[in-house]
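Residues per chain, in single letters:
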Amino acid sequence: MSRPKVAVHKFSSCDGCQLAFLNLGESLLQLSEQLEILHFLEAGMSEADAQVDIAFVEGSLSTPDELERIKQVRANSRFLVSIGACATSGGLQALRNLDGQHDAWRDAIYARPEFIQTLKDVKPIASVVDVDLELWGCPVSSPQIVAAVRSLLFGVAPVDDRDRVCLECKRQQAVCVMVTEGKPCMGPVTRTGCGALCPRFGRDCYGCYGPAETAQSDTLARRFAGLGLMPDAIARRFLLINSQAPSFLQTGRVFWHSGQEAEDD
Ligand code: SF4
Ligand code: SF4
């Protein structure tokens, strides 16, 4: 029986989620016996146009070329899995969407802006093509990837873990840093997948795994105000990494604008 074919594609990103593959170590060797990896530039395989069973896509869409390339990847793939904050919600590069000043930023950053072709708004993958599974996180974790691959290999629907980080804290018996230390923790609205990594080390979650299901972002933002955070600090909590996730974007914008109005007064 032929092994399922896999590709790992990179778009606008830092490569950190691809490292989650490379960091699999022994598990990657086992997987490579069960899979045929045709395209994964960071690991030395280069067949970008190959037809595959599973395409993993890292990164957001930030150039006209990428808009065309993702459509080709979709057409060549049976399952398309977007991995990481850039692919699922735009990532850090989508911060430029917030103020509508694309041209000003481009002209300020690049010595020869006339050679730079970028989209005015950075787009998550699912806003342009159908995505079969989204793995959130900045970066995603290696166990998430293994679990997704194994589910797809065995023909079962991968588990989409939308629990909150708070629940993971309870499972891991981590002391709540918001209750005990008044830290502005994003755990109540953030999906788990990281094993409550930050609270277990005594720091507040900053939301890198994106919104949990039915995230009560406005309520948490008001709690942050009660802890003494100014509006722009609250906005940064919600807009830093997953700014294009609707629940975070909506709340972040409200506090960002109210912070700017306060500065203008
Ligand atoms: S530390 Fe954060 S994630 Fe953990 S229980 Fe408290 S609020 Fe929730
Ligand atoms: S606790 Fe929050 S910030 Fe830390 S890894 Fe998990 S989701 Fe990301």
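Keep in mind that this is a model prediction, so the values were computed, not measured. (Residues numbered from 1 in each chain as written. Chains lettered and ligands numbered in written order. Predicted model: local features only at pLDDT ≥ 70, side-chain atom pairs only at ≥ 80, totals over all residues. Heavy atoms only, no water.)

Visitor: An account of the overall build of the protein chain is needed here, citing residue identities and associated values.
Guide: Across its full length, the protein chain carries twelve helices and five strands. Scaling as 2.2 N^0.38, a compact globule of 265 residues should have a C-alpha radius of gyration of about 18 Å, and the protein chain matches this with 20 Å. Along the first, second and third principal axes, the C-alpha set of the protein chain runs to 65 × 55 × 25 Å. Element-wise, carbon and sulfur atoms account for 54% of the exposed surface of the protein chain, whose accessible area totals about 13500 Å². Once the 26 positive and 33 negative side-chain charges of the protein chain are each reduced to a mean point, those two points are 4 Å apart. (Helix = DSSP H or I, 4+ residues; strand = E, 2+ residues; numbered from the N terminus. Rg over C-alpha atoms; globule rule 2.2 N^0.38 Å. Areas by Shrake-Rupley, 256 points an atom, 1.4 Å probe, with all protein chains shown as cover. Lys, Arg positive; Asp, Glu negative; His and termini not counted. Charge placed at Lys NZ, Arg CZ, Asp CG, Glu CD.)

Visitor: Run through the site of ligand 1, naming residues and quoting values.
Guide: All residues adjacent to ligand 1 are Val165, Cys166, Cys169, Lys170, Cys176, Val177, Met178, Cys185, Gly187, Pro188 and Pro199. Among the elements of the structure, helix H7 (165–172) and helix H8 (177–181) are those that each provide at least two residues to the shell around ligand 1. Of the residues forming the shell around ligand 1, the biggest block, four residues, is contributed by H7. (Near = heavy atom within 4 Å.)

Visitor: Could you give an account of the packing of helix H2 (residues 26–34) against helix H6 (residues 142–153), naming the residues involved and the relevant values?
Guide: Contact geometry for H2 and H6: axes closest at 12 Å, N-to-C directions at 20°. By the angle between their directions, the pair H2 and H6 is classed as roughly parallel. The handedness of the crossing between H2 and H6 comes out as left-handed. Contacts between H2 and H6 involve Ser27, Gln30, Leu31 and Gln34 from the first element and Val146, Val149, Arg150 and Leu153 from the second. For the contact of H2 with H6, a count of residues per class yields four nonpolar, three polar and one charged. (Axes fitted to C-alpha atoms, helices over the stretch in contact; angles between N-to-C directions. Parallel < 35°, antiparallel > 145°, perpendicular 65-115°, else oblique. Left-handed = near helix turned anticlockwise from the far one by under 90°. Contact = heavy atoms within 4.5 Å. Nonpolar A, V, L, I, M, F, W, Y, C, P; charged D, E, K, R; others polar.)

Visitor: Describe the side chain of Ser77, and please don't skip the residues or the numbers.
Guide: Within the fold, Ser77 resides in strand E4 (residues 77–83). For Ser77, a relative accessible area of 11% corresponds to the buried category. Polar contacts involving the side chain of Ser77 include one to the main-chain carbonyl oxygen of Val73, which spans 2.5 Å. (Buried < 20%, exposed > 50% of the residue type's maximum accessible area, 1.4 Å probe, protein only. Polar contact = N/O pair within 3.5 Å; in protein donor to acceptor, adjacent residues only side chain to side chain.)

Visitor: An account of empty space enclosed by the protein is needed here, citing residue identities and associated values.
Guide: One pass over the full model with this rule turns up one cavity of 30 Å³ or more. Here the largest cavity is characterised by a volume of approximately 50 Å³. Lining the largest cavity are Val6, Phe21, Leu28, Leu31, Ser32, Leu35, Ile37, Phe56 and Val149. Class assignment of the residues belonging to the lining of the largest cavity gives a composition of eight nonpolar, one polar and no charged. (1 Å grid on protein atoms, 1.4 Å probe; cavity = no way out; pocket = protein on both sides within 12 Å on 5 of 7 lines; lining within 4 Å. Points joined across faces, edges and corners; volume = space filled by probe spheres on them.)

Visitor: Give me the lowdown on the site of ligand 2, citing residues and values where you can.
Guide: Taken together, Thr190, Cys194, Cys198, Pro199, Cys205, Tyr206, Gly207, Cys208 and Tyr209 make up the full set of residues adjacent to ligand 2. Considered class by class, the residues forming the shell around ligand 2 number seven nonpolar, two polar and no charged.

Visitor: Account for the environment of Asp160, with residues named and values stated.
Guide: The residue Asp160 is located in the loop between H6 and H7 in this model. Residues Asp160 and Lys71 lie 89 residues apart in sequence; the distance between their C-alpha atoms is 24 Å.

Visitor: Lay out the sheet that holds strand E1 (residues 5–10) with the relevant residues and their values.
Guide: Hydrogen bonds along the backbone pair up the strands of a sheet, which may run parallel or antiparallel. With parallel pairing, the five strands of this open sheet are ordered in space as E2-E1-E3-E4-E5. With partners counted over all chains shown, the strands left at the sheet margins are strand E2 (36–40) and strand E5 (133–135), one partner each. If you compare each strand with its neighbour and ignore which way they point, the axes differ by 20° on average. Here helix H3 (residues 64–75) sits on the sheet in contact with E1, strand E3 (52–58) and E4, set at roughly 130° to E4. (Pairing = 2+ DSSP bridges.)

Function cannot be inferred from these measures alone, as they are strictly geometric.
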